[in-house]
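# Breakdown of the fold
This is what each chain is made of:
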Amino acid sequence: MPAAPRWKPLILLPCEAQGPLELPAHTQRGQIELNQLFSLCLVTLPYAFLHMRHNLKYFDKMRCLRKRSAVSFLGVLVICLLFMNLYIEDGYVLEGDKQLIRETATHQLNPERYAHTYKDLSNFSGSINISYRYLAGTPLPRKRYLTIGLSSVKRKKGNYLLETIKSIFEQSSYEELKEITVVVQLADFDSAWCEGMVQDISQKFAHHIIAGRLIVIHVPEVYYPILDGLKRNYNDPEDRVKFRSKQNVDYAFLLNFCANLSDYYVMLEDDVRCSKNFLTTVKKVITSREGSYWVTLEFSKLGYIGKLYHSHDLPRLAHFLLMFYQEMPCDWLLIHFRGLLAQKEVIRFKPSLFQHMGYYSSYKGAENKLKDDDFEEESFDIPDNPPANLHTNMNVFENYEASKAYSSIDEYFWGKPPSTGDFYGIVFEKPIKISKIKVITGTEDRQNDILRHGALEVGEKIVGSKIGRKCTTYLRLGEFKNGNFEMTDVEHKVLFDISCMRILVTKSQKEWLIIRSISIWTSQTSSQ
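Residues numbered from 1 in each chain as written. Predicted model: local features only at pLDDT ≥ 70, side-chain atom pairs only at ≥ 80, totals over all residues. Heavy atoms only, no water.

## What to know about the packing of helix 8 (residues 238-258) against helix 10 (residues 314-323)
The axes of two packed helices give the description: the angle between them and the distance between them. Our working rule: Axes here mean lines fitted to C-alpha atoms, for a helix over just the part in contact, with angles spanning 0 to 180 degrees between N-to-C directions. Put simply, DSSP H or I for four residues or longer makes a helix, DSSP E for two residues or longer makes a strand, and each gets a number counted from the N terminus. To sort the angles, those under 35 degrees are grouped as roughly parallel, those over 145 as roughly antiparallel, those from 65 to 115 as roughly perpendicular, and the leftovers as oblique. For any helix crossing, the convention is left-handed if the near helix is rotated counterclockwise from the far helix by under a right angle, and right-handed if that rotation is clockwise. By the convention used here, residues are in contact when the closest approach between their heavy atoms is within 4.5 Å. Classes in brief: Ala, Val, Leu, Ile, Met, Phe, Trp, Tyr, Cys and Pro nonpolar; Asp, Glu, Lys and Arg charged; the others, Gly included, polar.
Put simply, helix 8 and helix 10 touch, their axes get as near as 8 Å, and they point 160° apart. As the angle between them shows, helix 8 and helix 10 are arranged roughly antiparallel. Crossing of helix 8 against helix 10: the hand is left-handed. Contact residues: helix 8 offers Asn-248, Val-249, Tyr-251, Ala-252, Phe-253, Leu-255, Asn-256 and Cys-258, while helix 10 offers Leu-314, Leu-317, Ala-318, Leu-321 and Leu-322. Broken down by class, the residue content of the contact of helix 8 with helix 10 amounts to 11 nonpolar, two polar and no charged.

## Section: the side chain of Ser-262
We count it as follows: Each residue is assigned to one of three classes by its accessible area relative to the maximum for its type, calculated with a 1.4 Å probe on protein chains only: buried under 20%, partly exposed between the two thresholds, exposed over 50%. Within 3.5 Å is the distance limit for a polar contact, defined as a pair of N or O atoms, with the added protein rule that one can donate a hydrogen and the other accept it, and that residues adjacent in sequence qualify only through two side-chain atoms.
Of note, Ser-262 is situated in strand 5 (residues 262-267). With relative accessibility at 1%, the residue Ser-262 sits in the buried group. A distance of 2.7 Å separates a polar atom in the side chain of Ser-262 from a polar atom in the side chain of Thr-147.

## Some remarks on the nonpolar core
Just so we agree on the cut-off: The set of buried Ala, Val, Leu, Ile, Met, Phe, Trp, Tyr and Cys residues whose side-chain atoms join them within 4.5 Å is what this entry labels a nonpolar core.
Grouped together as the largest cluster of nonpolar side chains are 46 residues, with contacts concentrated most on Ile-148, Ile-168, Leu-308 and Phe-354. Only strand 2 (144-152), helix 4 (161-170), strand 3 (180-186), helix 6 (191-204), strand 4 (214-218), strand 5, strand 6 (272-274) and helix 9 (278-288) provide two or more residues apiece to this core. Setting aside residues no more than four positions away along its own chain, Leu-308 makes contact with Leu-146, Tyr-264, Tyr-265, Val-266, Val-282, Ile-286, Trp-294, Val-295, Thr-296, Leu-297 and Phe-299. Within the second largest apolar cluster, 43 residues are counted, among which are Leu-255, Tyr-304, Tyr-309 and Leu-334.

## Examining the packing of aromatic side chains
Convention followed: Here is the rule: rings of Phe, Tyr and Trp (six-membered ring for Trp) pair when centre to centre is within 6.5 Å. Planes less than 30 degrees apart are stacked, more than 60 are edge-to-face, and the remainder are tilted. The rule is short: NZ of Lys or CZ of Arg within 6 Å of the ring centre and within 35 degrees of the ring normal puts a charge over the ring.
For the structure shown, the criterion picks out 20 aromatic pairs. Seen from their ring centres, Tyr-224 and Phe-253 are 5.1 Å apart, and the 80° between their planes marks the pair as edge-to-face. Highlighted residues: Tyr-224 in the loop between strand 4 and helix 8 and Phe-253 in helix 8, separated in sequence by 29 residues. Take Phe-253: its relative accessible area is 0%, and that puts it in the buried class. Plain terms: the ring middles of Phe-320 and Phe-337 are 5.6 Å apart, the flat faces sit at 55° to each other, and that makes the pair tilted. Separated by 17 residues along the polypeptide, Phe-320 in helix 10 and Phe-337 in helix 11 (residues 330-340) bring together distant segments of the chain. Summarising the burial analysis for this pair, Phe-320 and Phe-337 share the class buried. Put simply, the rings of Phe-397, Tyr-400, Tyr-412, Trp-414 and Trp-512 pair up and form one aromatic cluster. Sitting above the plane of the Phe-189 ring, Lys-246 keeps its charged end 5.0 Å from the centroid. Between Lys-404 and the ring centre of Tyr-400, over which it is positioned, the NZ or CZ distance is 5.8 Å.

## Side note on helix 8
This is how the line gets drawn: The span one expects for a helix is its residue count, reduced by one, times 1.5 Å.
Counted at 1.5 Å a residue, the expected span for helix 8 with its 21 residues is 30 Å, and the 31 Å between its end C-alpha atoms agrees. With respect to burial, helix 8 is a largely interior element, 15 of its 21 residues being buried.

## Details of the sheet that holds strand 5
Within a sheet, each strand pairs with its neighbour through backbone hydrogen bonds, oriented either parallel or antiparallel. Applied cut-off: For two strands to be treated as a pair, DSSP must find no fewer than two bridges joining them.
Read from one edge to the other, the open sheet built from seven strands follows the order 1-4-3-2-5-8-7, with strand pairing classed as mixed. In this open sheet, the two strands that pair with only one neighbour each are strand 1 (133-136) and strand 7 (296-298). Mean inter-strand twist for the sheet, computed between neighbouring axes without regard to direction, equals 30°. In this structure, strand 1 lies alongside strand 4, joined through three bridges in antiparallel fashion. Note that in strand 4 the partner of Tyr-134 across the bridge is Ile-217.

All quantities given are derived from atomic positions and should not be read as evidence of function.
Pasting the structure below:
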């Protein structure tokens with residue numbers, strides 16, 4: 001029995017590229033012939049209609065002839081439509097049908113079609129119009145705080161996906177689980193492997209799927225561009241180029257799917273272990289950077305692990321990866337993306353929150369024993385560092401400005417030799433209750449650049465404009481010892497809500513001063 005004719009998928013494929021879709025030559029000829037057929041129908045039908053009106057005019061009293069005229073008009077219409085349908089069905093059942101679909105997808109994703117707008121990434125705010133298969137779970141209507149995305153393919157050796165998902169959920173508290181969504185993209189074209197993985201995931205994490213915390217998706221191969229015969233940049237072997245190019249497309253489709261699920265998005269790989277309560281730490285870091293511009297925050301120094309984005313940047317990043325999918329590996333592309341959006345420096349948090357745990361790469365099963373030596377699995381005491389304005393009257397060296405001492409990442413303030421009365425000031429956006437304060441000066445490389453004589457004070461009663469705000473009264477909490485200051489139970493020693501804090505130099509010194517870190521823990525936010 002012959003196969004049933006089917007409609008040509010080319011007409012149904014969406015295209016985000018600028019301008020009309022360019023079809024192959026023989027398909028263009030088919031379109032021309034089809035247009036001619038439409039024109040024939042448009043010419044024939046009016047004549048049939050006029051013929052019917054002519055009959056009605058002269059044979060108005062003859063009902064049988066009016067019926068015959070109507071039948072002749074409808075007959076012509078039906079014949080034209082049937083002919084068109086048979087032409088489309090017959091002409092589009094081609095042996096190379098799948099190849100044409102791939103060619104169309106290549107037109108859709110071809111970097112050259114985006115080249116004229118790559119300098120303005122704001123043009124890429126729209127989503128990529130592709131179809132996803134839901135293998136398990138569906139998105140909830142309510143946005144979460146954080147989406148965790150990971151893409152996985154079949155490995156020749158080892159499989160760490162289930163352990164990675166397990167670590168995400170086990171290392172999160174019940175309250176944290178309410179604020180996350182985990183999206184797993186099974187990006188392998190082996191349908192049997194995908195089905196087996198879905199069964200394993202569904203059995204082990206059924207309650208998370210039911211709760212809407214876990215979604216498993218797949219993008220059909222038809223939406224992928226051609227992955228053979230690509231440019232061999234960096235003299236990579238052809239199979240390596242194919243692997244990393246497909247990986248870029250995998251990540252682009254995953255980012256595109258996750259764009260509207262939450263406020264923030266973090267990318268993981270499928271062989272990662274998480275630190276305890278990592279979400280709470282991520283939230284603290286984000287809060288501490290309120291008012292400052294950032295594109296990417298990094299919570300691991302390895303590959304595409306622990307990279308955090310605003311969700312509103314995901315469509316642009318997805319388009320960017322598709323535009324240059326065959327040029328270089330994804331982690332190199334991310335550096336260019338960050339730079340194009342005006343974040344020139346890496347903003348990386350330490351200690352790392354995610355650790356690579358696999359021993360075999362997803363590429364050919366090669367050994368990959370990379371480890372992040374900044375990773376700490378157990379919970380650690382992360383400061384809150386509430387939003388504040390920072391200023392100093394010290395002579396700052398180069399770009400080691402005051403804000404770097406208050407940051408949650410690995411950087412510091414560096415000033416030339418301070419004099420008596422010099423200060424480093426912090427003015428909080430809102431009055432706060434402080435439970436703990438810790439200040440460290442100097443570094444391992446420059447142990448002499450510490451504060452030798454200084455005190456820490458807290459203040460209240462702010463005066464002045466937004467730029468020149470300062471406190472009128474201060475209370476001294478204590479002196480620096482060996483370049484450091486630490487105090488707990490501050491809320492029991494200070495009876496007022498704290499609006500300011502300052503480090504005061506009490507005696508001049510010849511050495512330069514590095515303030516390595518300022519850490520503040522809050523007990524509650526004042527309602528004032």
